Amino acid sequence: MTDGVFIFKKDDLKFSRWSGGSMTELFIYPPEADFEARDFLFILVSATIDLEESVFSDLSGYTRLIMSLDNRLELWHDDDPQAVSLNKFEPHLFDGGSKTVSRGRLRDFNFVLRTGLCQVDIQVVSLTPGGTAHARQRTDLNSDGYEFAYAPYDPFVVSGTARVKVQPGEH
């Protein structure tokens, strides 16, 4: 950790399978929580969808934010005939208890948070290799808050006075 910046290397992460692909647990809170037990307040995962069509896991009581990292994604919620069509890096917030079917093979981010207890805000920033991402200034200093950055190449993350280089594969 450097000035509030934690970097997670591949060996620090938990990998598992789900019915449509694989999942990498990037961060869970509280740290002793377990995804399968559904006793977490929030979790950030990156998953692959390896099937052309898949059914998402039921996460009743949670709100999900999903964003594709590489390909187009189509989602259908609760048998609605109208699909939600998402381009790469386009976030979508939905009820984790919705029966959700996806179409498209891809790698994604999922931020799953306990409905009513947590909030999420996402901002996609495009950097050139070696670019710098600055942590946002917190306006509500009386509440807990986290920022997560994912980089497919080697940018720098700046938080407070620290400038931390993130290597490929680190989060």
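Our structure's up above, just so we're on the same page.
This one's a predicted model, so the numbers in the text were calculated from it and none came from an experiment. (Residues numbered from 1 in each chain as written. Predicted model: local features only at pLDDT ≥ 70, side-chain atom pairs only at ≥ 80, totals over all residues. Heavy atoms only, no water.)

### Focus on the sheet that holds strand β9 (residues 100–103)
Strands in a sheet are paired, the pairing made by backbone hydrogen bonds, and the direction either parallel or antiparallel.
Inference 1: Strand order in this open sheet of four strands is β4-β9-β6-β7, and the pairing throughout is antiparallel. In the strand order of this sheet, the two ends are held by β4 (53–55) and β7 (84–86), each with one partner. Averaged over all pairs of adjacent strands, the angle between strand axes in this sheet comes to 20 degrees, irrespective of strand direction.
Inference 2: Bridge analysis of strand β6 (residues 73–77) against β7 gives three bridges, and the strand direction is antiparallel. Bridged to L75 within β7 is V84. (Pairing = 2+ DSSP bridges. Helix = DSSP H or I, 4+ residues; strand = E, 2+ residues; numbered from the N terminus. Axes fitted to C-alpha atoms, helices over the stretch in contact; angles between N-to-C directions.)

### Here we look at the packing of aromatic side chains
Inference 1: Inspection of every chain in the model, using the stated rule, returns seven aromatic pairs.
Inference 2: Note on W18 and F56: the rings are 6.1 Å apart at their centroids and 85 degrees apart in plane angle, and the pair reads as edge-to-face. Of this pair, W18 sits in strand β1 (residues 14–18) while F56 sits in the loop between β4 and β5 (62–68), and the two are 38 residues apart along the sequence.
Inference 3: Judged by relative accessible area, F56 falls into the buried class, the value being 8%.
Inference 4: Centroid distance F56 to F94: 6.4 Å. Interplanar angle 45 degrees. Geometry classified as tilted. Taken together, the residues F56 in the loop between β4 and β5 and F94 in strand β8 (residues 92–95) connect sequence positions 38 residues apart. (Phe/Tyr/Trp six-rings, centres within 6.5 Å; stacked < 30°, edge-to-face > 60°. Buried < 20%, exposed > 50% of the residue type's maximum accessible area, 1.4 Å probe, protein only.)

### Some remarks on the sheet that holds β5
Inference 1: Strand order across the open sheet formed by six strands is β1-β2-β3-β10-β5-β8, with antiparallel pairing between neighbours. A single partner strand is all that each edge strand has here, and the edge strands are β1 and β8. If you compare each strand with its neighbour and ignore which way they point, the axes differ by 25 degrees on average.
Inference 2: Bridge count for strand β3 (residues 42–49) against strand β10 (residues 106–114) is eight bridges, and the pairing is antiparallel. Bridge pairing links S46 to F109 in β10.

### Considering the environment of D39
Inference 1: Residue placement: D39 occurs in the loop between β2 (21–29) and β3.
Inference 2: Look at D39 and you get partly exposed, because its relative accessible area is 42%.
Inference 3: Along the primary structure D39 and Y29 are separated by ten residues, whereas in three dimensions their C-alpha atoms are 9.2 Å apart.
Inference 4: In this view, D39 contacts P30, A33, D34 and Y62; residues no more than four positions away in its chain are not counted.
Inference 5: A distance of 2.6 Å separates the side chain of D39 from the backbone nitrogen of D34, its partner in a polar contact. (Contact = heavy atoms within 4.5 Å. Polar contact = N/O pair within 3.5 Å; in protein donor to acceptor, adjacent residues only side chain to side chain.)

### Focus on a negative patch on the surface
Inference 1: On the surface, D58, D78, D80 and D95 cluster together into a negatively charged patch.
Inference 2: Inspection of the secondary structure puts D78 in the loop between β6 and β7.
Inference 3: With relative accessibility at 47%, the residue D78 sits in the partly exposed group. (Patch = residues over 30% accessible without salt bridge, like charges linked within 9 Å, V, L, I, M, F, W, Y side chains within 5 Å. Areas by Shrake-Rupley, 256 points an atom, 1.4 Å probe, with all protein chains shown as cover. Salt bridge = Lys/Arg side-chain N within 4 Å of Asp/Glu carboxyl O. Lys, Arg positive; Asp, Glu negative; His and termini not counted. Charge placed at Lys NZ, Arg CZ, Asp CG, Glu CD.)

### Examining the pairing of β5
Inference 1: Most of β5 is tucked away: seven of the seven residues are buried.
Inference 2: Residues Y62, R64, I66 and S68 of β5 are buried on one face, and the alternating residues T63, L65 and M67, pointing to the opposite face, are buried as well.
Inference 3: Bridge count for β5 against β10 is seven bridges, and the pairing is antiparallel. Each residue of the ladder has a partner; that of R64, found in β10, is V112.
Inference 4: Bridge count for β5 against β8 is four bridges, and the pairing is antiparallel. Note on β8: the bridge partner recorded for R64 is F94.

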